[in-house]
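A look at the structure
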Amino acid sequence: LCLSQRINTEKQSLQKPIIWAEPSTRVTKGNAVTIWCKGPQTATHYQLYFEGNFLALGRPKPSRSMTIVNFTIPQMTSHTAGKYTCCYQSGERQSKSSKGLNLIVTGLYDTPNLWVLPGPEVTLGENVTFFCHLETGTSKFFLLKEGRSNHVQHRLGNIKAEFPMGPMTRAHRGTYRCFGSYNDHVWSFPSKPVTLLIPGKDTLTRVLTTALGDALDSDLKDYWEYNLSAEEESELQKDFAFWDHTAQNLIRIGVACIVLMALVWLLVEDCLSRKRDKEGTNRSPSWEYKRRWRVHRSLEEEQRNAISMRELKATPGPGDI
């Protein structure tokens, strides 16, 4: 049972690792980016793949419960943009590949223009449409909402693309940017931000967002704030929970084995004790019978000896004839 549990645990333990990029999955041309890969403590080394082909090998730095390794791309170009995956080696076994990481290079085309109709201030239930325009022309447009969700929408188009949205809810509030692209992994510079507001409580937010957006607009061309998506965070939490659960299961199995061995030992000892008592009970009558037989035999010999002595005394000697 313990061996079976151990084998099943080992099979389950080789789950796919987690992969992410810092500072972002969208990197301006010429800037550096670091790809991170994380797995269990048993991982001895990691392999990084680009578009399905082996790219690099890394040795992890072990921690208390997980190991982590990083691969740095010094300068981002259109040739380094694409889909990355990683896996790890544990003993003689290799894990599944991680979820694909789409690394995007930005800043290869002109900056598109973004606006929204009927306007940036909307009411609940209203429908709006975002327009993204790039003078030099492209084949696809991407619309992103900044923040933790980092939700992306895409539309085909040569010069302009429309992104209808609605009916409006408070979840639609936020700052949007758009990109033009000839390739899913090669994008233009980001457009200026457009903040979608609902009048009332958003007035102060609109003023602060507009002022901050104008001040940082040039810097955002070189840096795009990175946040783990909700899905990646959930996957990371599930992974940590999995390893904690595995460790707890191993402890429980170990304790159960110790208790089971103790019970088996007690049962065996009880059986042996009963057997010794039974054998002792069976030997008692036999021993008493032998003792009595020896006593009886001894008495018979004494009687014969006594009779022999009397006969010798009664027999006349040579001088008596």
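Residues numbered from 1 in each chain as written. Predicted model: local features only at pLDDT ≥ 70, side-chain atom pairs only at ≥ 80, totals over all residues. Heavy atoms only, no water.

**Side note on the sheet that holds strand E11 (residues 113-117)**
The strands making up a sheet are joined through hydrogen bonds of the backbone, oriented either antiparallel or parallel. An order of E11-E12-E15 is seen for the three strands of this open sheet, with the pairing classed as antiparallel. Single-partner strands in this sheet number two, and they are E11 and strand E15 (160-165). Shown here is a sheet whose adjacent strand axes are inclined to one another by a mean of 20 degrees, direction ignored. By the bridge criterion, five bridges tie E11 to strand E12 (residues 128-133) in an arrangement that is antiparallel. Within E12, the residue paired with valine 116 across the bridge is phenylalanine 130. (Pairing = 2+ DSSP bridges. Helix = DSSP H or I, 4+ residues; strand = E, 2+ residues; numbered from the N terminus. Axes fitted to C-alpha atoms, helices over the stretch in contact; angles between N-to-C directions.)

**Details of the UniProt feature "transmembrane region" (unreviewed entry) in the protein chain**
UniProt's feature table lists "transmembrane region" (unreviewed entry) at residues 250-268, given in the numbering used throughout. Secondary structure within residues 250-268 divides into 100% helix and 0% strand; the distance between the first and last C-alpha atoms comes to 27 Å. (UniProt positions renumbered as here; feature names shortened; annotations may be inferred.)

**Some details on the pattern of salt bridges**
Within the structure shown, the criterion is met by three salt bridges. Residue lysine 140 is joined to aspartate 184 by a salt bridge in which the shortest nitrogen-to-oxygen separation is 2.7 Å. Of this pair, lysine 140 sits in strand E13 (residues 140-145) while aspartate 184 sits in the loop between strand E16 (174-183) and strand E17 (186-187), and the two are 44 residues apart along the sequence. Residue classification places aspartate 184 among the partly exposed residues on the basis of a relative accessible area of 40%. Two residues, arginine 274 and aspartate 270, come together in a salt bridge whose shortest N-O distance is 2.9 Å. Of this pair, arginine 274 and aspartate 270 both sit in helix H3 (residues 230-314), four residues apart, roughly one helical turn. The class of arginine 274 is exposed, set by a relative accessible area of 56%. (Salt bridge = Lys/Arg side-chain N within 4 Å of Asp/Glu carboxyl O. Buried < 20%, exposed > 50% of the residue type's maximum accessible area, 1.4 Å probe, protein only.)

**Observations concerning the packing of aromatic side chains**
In this description, a pair of aromatic rings is defined by centroid distance and the angle of the planes. This model, assessed by the stated rule, comprises eight aromatic pairs. With centroids separated by 4.7 Å and ring planes inclined at 40 degrees, the aromatic side chains of phenylalanine 130 and tyrosine 176 adopt a geometry described as tilted. Residue phenylalanine 130 is found in strand E12, and its partner tyrosine 176 is found in strand E16; the two are separated by 46 residues along the sequence. An identical accessibility class is assigned to phenylalanine 130 and tyrosine 176; each is buried. Their ring planes at 50 degrees and their centres at 5.0 Å tell us that phenylalanine 179 and tryptophan 187 sit as a pair that is tilted. Classification of phenylalanine 179 by relative accessible area gives buried; the value is 1%. Residue classification places tryptophan 187 among the buried residues on the basis of a relative accessible area of 2%. The structure contains a cluster of three or more aromatic residues connected by ring pairs, namely Phe142, Phe179 and Trp187. (Phe/Tyr/Trp six-rings, centres within 6.5 Å; stacked < 30°, edge-to-face > 60°.)

**Some thoughts on unusual backbone geometry**
Proline 23 follows glutamate 22 through a cis peptide bond whose omega is 10 degrees. Residue placement: proline 23 occurs in the loop between strand E1 (18-22) and strand E2 (26-28). The step from leucine 117 to proline 118 runs through a cis peptide bond, and the omega angle for that step is 10 degrees. Secondary-structure assignment places proline 118 in the loop between E11 and E12. Of note in the backbone geometry, glutamate 51 takes a positive phi value of approximately 55 degrees without being a glycine. Tracing the sequence through the fold places glutamate 51 in the loop between strand E4 (45-50) and strand E5 (53-58).

**Observations regarding a nonpolar patch on the surface**
A cluster of nonpolar side chains, Ile251, Val255, Val259, Leu263, Trp265 and Leu266, forms an exposed patch at the surface whose accessible area comes to about 620 Å². Tracing the backbone through its elements, the reader meets valine 259 in helix H3. When its relative accessible area of 46% is taken as the criterion, valine 259 is described as partly exposed. (Patch = residues over 30% accessible without salt bridge, like charges linked within 9 Å, V, L, I, M, F, W, Y side chains within 5 Å. Areas by Shrake-Rupley, 256 points an atom, 1.4 Å probe, with all protein chains shown as cover.)

**With respect to the pairing of E15**
Look at any regular strand and the pattern is simple: side chains alternate between the two faces of the sheet. Only one face of E15 is buried, namely the one carrying Ala161, Phe163 and Met165, since none of Lys160, Glu162 and Pro164 on the opposite face is buried. Sheet topology note: the E12/E15 ladder contains six bridges and is antiparallel. Counterpart to phenylalanine 130 in the pairing with E15 is phenylalanine 163.

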